[in-house]
Amino acid sequence: MDRVSAFDEPLKKLLGGATAKVMAEHLDLHTVGDLLHHYPRRYEERGQLTALTDLPLDEHVTVVAQVADARIMVFNNGRGKRLEVTLTDGSGRLQLVFFGHGVHKPHKELLPGRTAMFAGKVSVFNRKMQLAHPTYQLLDTADADEATEAVDAFAGRLLPIYPACKQLDSWRIAKAVDTVLPSARDAVDPLPLPLREGRGFTPLPEALLKIHRPQTKADIADARDRLKWDEAFVMQVALARRRYADTQLPAVARSPRHGGLLDAFDAKLPFTLTEGQDKVSKEIFDDLATEHPMHRLLQGEVGSGKTMVALRAMLAVVDAGGQAAMLAPTEVLAQQHHRSITDMMGELAEGGMLGGSDLGTKVVLLTGSMGMAARRQALLDLVTGEAGIVIGTHALIEDKVQFHDLGLVVVDEQHRFGVEQRDALRSKGKQPPHLLVMTATPIPRTVAMTVFGDLETSVLDQLPAGRSPIASHVVPAKDKPHFLSRAWERVREEVGNGHQAYVVCPRIGDDADDEAEKKNRKKAAEKTAEEDGEKRPPLAVLEIAEQLTKGALAGLRIEVLHGRMNPDDKDDVMRRFAAGQVDVLVATTVIEVGVNVPNATAMVIMDADRFGVSQLHQLRGRVGRGSAAGLCLLVSEAHEASPARARLSAVAATLDGFELSRIDLEQRREGDVLGQAQSGVRTSLRVLSVIDDEEVIAAAREEAVAIVTADPDLARLPELRTALAALLDKEREEYLDKG
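Given the structure is predicted, the values throughout are model-derived calculations rather than measurements. (Residues numbered from 1 in each chain as written. Predicted model: local features only at pLDDT ≥ 70, side-chain atom pairs only at ≥ 80, totals over all residues. Heavy atoms only, no water.)

**Regarding the confidence of the model for the protein chain**
Then, number 1: Summarising the model, the protein chain shows a mean pLDDT of 80, and 81% of its residues fall at 70 or more.
Then, number 2: When the criterion is pLDDT under 50, residues 524-534 qualifies, and its contacts beyond four places in sequence or with other chains add up to four contacts.
Then, number 3: This stretch, residues 730-739, has a pLDDT under 50; its non-local contacts, to residues over four places away or in other chains, come to 24 contacts. (pLDDT = per-residue confidence, 0-100. Contact = heavy atoms within 4.5 Å.)

**A closer look at the side chain of Arg-196**
Then, number 1: Mapped onto the fold, Arg-196 is located in helix H8 (residues 193-198).
Then, number 2: Among the polar contacts listed, one links the side chain of Arg-196 to the backbone oxygen of Leu-191, at a separation of 3.0 Å.
Then, number 3: When near neighbours in sequence (up to four residues on either side) are disregarded, Arg-196 contacts Asp-189, Leu-191, Phe-201 and Arg-226. (Helix = DSSP H or I, 4+ residues; strand = E, 2+ residues; numbered from the N terminus. Polar contact = N/O pair within 3.5 Å; in protein donor to acceptor, adjacent residues only side chain to side chain.)

**With respect to the pattern of salt bridges**
Then, number 1: Under the criterion given, the structure shown has 33 salt bridges.
Then, number 2: We note a salt bridge from Asp-169 to Arg-172, for which the minimum N-O separation is 3.3 Å. (Salt bridge = Lys/Arg side-chain N within 4 Å of Asp/Glu carboxyl O.)

**Overview of unusual backbone geometry**
Then, number 1: With a phi angle near 50°, Asp-607 is a residue other than glycine that sits in the positive phi range.
Then, number 2: With respect to the helices, strands and loops of the structure, Asp-607 is situated in the loop between strand S20 (600-605) and helix H22 (613-620).
Then, number 3: With phi around 55°, Leu-714 is a residue other than glycine that occupies positive phi space.
Then, number 4: On the secondary structure map, Leu-714 appears in the loop between helix H26 (694-710) and helix H27 (718-727).

**Looking at the sheet that holds strand S9 (residues 295-300)**
Then, number 1: Sheet architecture is open: seven strands sit in the order S11-S12-S10-S13-S14-S9-S15, paired in parallel fashion. If you trace the sheet from one side to the other, it starts and ends with strand S11 (362-366) and strand S15 (456-460), each paired once. Taken over all neighbouring pairs, the strand axes of this sheet differ in orientation by 20° on average, direction set aside.
Then, number 2: Against the sheet, helix H14 (residues 331-345) contacts strand S10 (323-327), S11, strand S12 (387-392) and strand S13 (406-412), and its axis sits at roughly 170° relative to S11. (Pairing = 2+ DSSP bridges. Axes fitted to C-alpha atoms, helices over the stretch in contact; angles between N-to-C directions.)

**Notes on the side chain of Asp-230**
Then, number 1: Tracing the chain through its elements places Asp-230 in helix H10 (residues 217-248).
Then, number 2: Residue classification places Asp-230 among the buried residues on the basis of a relative accessible area of 9%.
Then, number 3: If sequence neighbours within four positions are ignored, Asp-230 has contacts with Pro-190, Leu-191 and Leu-204. (Buried < 20%, exposed > 50% of the residue type's maximum accessible area, 1.4 Å probe, protein only.)

**Side note on the nonpolar core**
Then, number 1: In terms of nonpolar packing, the biggest core is built from 39 residues, with Met-314, Met-345, Ile-389 and Leu-408 touching the most fellow members.
Then, number 2: Per element, the largest residue contribution to this core is ten residues, and it comes from helix H13 (residues 306-319).
Then, number 3: Setting aside its immediate chain neighbours within four residues, Met-345 contacts Phe-265, Lys-268, Leu-311, Leu-315, Thr-361, Val-363 and Ile-389.
Then, number 4: If you look at the next biggest cluster of nonpolar residues, it comprises 32 residues, including Leu-15, Tyr-162, Ile-173 and Leu-181. (Core = buried A, V, L, I, M, F, W, Y, C linked by side-chain atoms within 4.5 Å.)

**Notes on the environment of Asp-266**
Then, number 1: Structurally, Asp-266 is set in helix H11 (residues 261-268).
Then, number 2: Distance from Asp-266 to Arg-312, taken between C-alpha atoms, is 8.5 Å for residues 46 residues apart in sequence.

**So, the pairing of strand S21 (residues 630-636)**
For a regular strand, the rule is simple: side chains alternate between the two faces of the sheet.
Then, number 1: Burial within S21 is extensive, with seven of its seven residues counted as buried.
Then, number 2: The alternating pattern of S21 places Gly-630, Cys-632, Leu-634 and Ser-636 and Leu-631, Leu-633 and Val-635 on opposite faces, both of which are buried.
Then, number 3: Judged from the four bridges that link them, S20 and S21 form a sheet pairing that is parallel. Paired with Ala-602 across the strands is Leu-631, a residue of S21.
Then, number 4: For the crossover from S20 across H22 to S21, the handedness is right-handed. (Right-handed = clockwise from strand over helix to strand, strands pointing away.)

**So, the packing of H22 against helix H23 (residues 643-653)**
Then, number 1: It is the contact of H22 with H23, at a shortest axis distance of 10 Å, that shows an interaxial angle of 35°. Note that H22 runs across H23; the crossing there is right-handed. From H22, Val-613, Leu-616 and Arg-620 reach across to H23, where they touch Arg-647, Leu-648, Val-651 and Ala-652.
Then, number 2: Residue classes in the contact of H22 with H23 are distributed as five nonpolar, no polar and two charged. (Left-handed = near helix turned anticlockwise from the far one by under 90°. Nonpolar A, V, L, I, M, F, W, Y, C, P; charged D, E, K, R; others polar.)

**What to know about the packing of H13 against H14**
Then, number 1: H14 packs onto H13 with a crossing angle of 70° between their chain directions and a minimal axis gap of 11 Å. Between H13 and H14, the angle falls in the class roughly perpendicular. Regarding H13 and H14, the two cross each other, and that crossing is right-handed. Facing Thr-307, Met-308, Leu-311, Met-314 and Leu-315 of H13, the residues of H14 in contact are His-337, Ile-341, Met-344 and Met-345. (Parallel < 35°, antiparallel > 145°, perpendicular 65-115°, else oblique.)

**Some remarks on the environment of Thr-247**
Then, number 1: Looking at where Thr-247 falls in the secondary structure, it is placed in helix H10.
Then, number 2: A relative accessible area of 36% means that Thr-247 is categorised as partly exposed.
Then, number 3: Taking the C-alpha atoms as reference points, Thr-247 and Pro-293, separated by 46 residues in sequence, lie 7.0 Å from one another.
Then, number 4: Here the side chain of Thr-247 touches Gln-248 through a polar contact of 2.9 Å, side chain to side chain.

Okay, structure coming up:
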């Protein structure tokens, strides 16, 4: 067997069909290499009993504990039997329960004083933590070969606990790993020898042996250091190659002309740009002036003036004879951008029209719901070059849309768009257009280097002058109902002072919504009858608007806004709200990005615990956009000690988006963050942490850039090419090659 194919060997050849099927379906493990890269989550030490007090609810766990008590309970007039076993580890207790015919074997084996390994899903019954029908393996008997092996492994001090599933326990995975472990000798080492020796890394075969079967804790640390580097380095090489390929593509250099559209726009600005806006604009203009496509990520806090920077870049491209397209994730946002850009440009947005400026251009809107006549005119303006700027939703990507000379694509809120959409728009240029990606979700540096690693990054971290501070408070509606009454009083006070307010709800509450909610609740009810009380559905826009109109905010002008409204109605509501003809807007998260009403000073977010940290931060950024201070009230029924309340307190405590993004990252699984990655690399980081391993990622990026610059095709590094092929599946590899 050659070195590559040992790792490609299907698991069913070595483990048997049934085990291999479970591994493939439930753990996404198909080959020997997959299983060798399925690392232990943690290690149990001999004699150390897992802290039963720290078990996570609803997760599949493996515990090592001692039986304190076991008794058979009879119910249904003797027709039913239940075995209840109590485990202890000195710090806490855990209940096991077995029903029906499943009670006999454990009743004989799980005697008080015995130690065993148990695996199952943690649930709560009668306010006690329990495992129902766990699988177990005795650790203090040698009745069978399997038990002897377990005792031997256990006596080896460090017992690996693997990420497992209901169908396959950790120790069965450990046995499967034992079967394939000899193949670790055939591991192809992706790190070039000078890099490996220069950093004193353990060879890969040795690292794999140490992570699966460590003799000491130093073995684990050694192996993890090495394997982290592999993950970081191979990923950064993939991204460095993408960036390198981009620098080889041709593009038209676009420089603003002296005395042109950009100069005319700057001359009529009623304020000066911030230092940050100046600096970032310079980075963008330098990129636009080169003959290969710009690929830049512009991240900035809500309200830091990203749209202004993007607009000036678009005007520079129009000056240079090209066209610019701005892609927005929703119609509401596309309309909002179109409105604010035409307002900012004034007569400069009326090129070719009566009263328009000679230097001006046409700014058109293109969305899926436009009438046929308006749509036809917009398409005509694009293909003739009459329109220098187009703002639209994914309707811009359709085949029918043709440009005269597309020079710049601006993507707003990148994480809402797939890679394919971004590339489809870029393919509409005669040559690849320049690309500017904007996000108002602050991204920690490590995530920027992984998720957006194919883009150069610019950060706007100053707020423009005139932006007001926002006070944020948690309103515990369940514990202190009078706090909620006071929240509505505060909204009344703001409106009384001539301002406006938002009320945000997680759900719409229309027929389609209610149908979906009924299904969810039915599923939840079927899933378990033991849970105490059903969780109520999230609060809905239509219900809350009705309650407020009749109750706490009676007499105020209240309107609703949500994603399933007719686009014209949505636009009408937003126009009237922006014009001050609506006091309170009750909305879903359609207002999350881009909505700019400086007179809106208060926001009440209902069921705030149902939103993510960065989403709350985005929503809050809709208030305090004018000269008056902003107020954001986070209403929640979550218990004071719950993680949900801790999350809300964190949001209330800081306005620093980068700090919040870090908290968000720590609270979510990294897979969720990287799962949104559109960067063309597989997202299953196994030992690398995008939270804690900033130094590793930064160093790996530096090494990767040096290697790719010297040898773009990796011709002298076949092992690295092999590792890269394993990392990139076919579809994503094509994406990386698209450039």
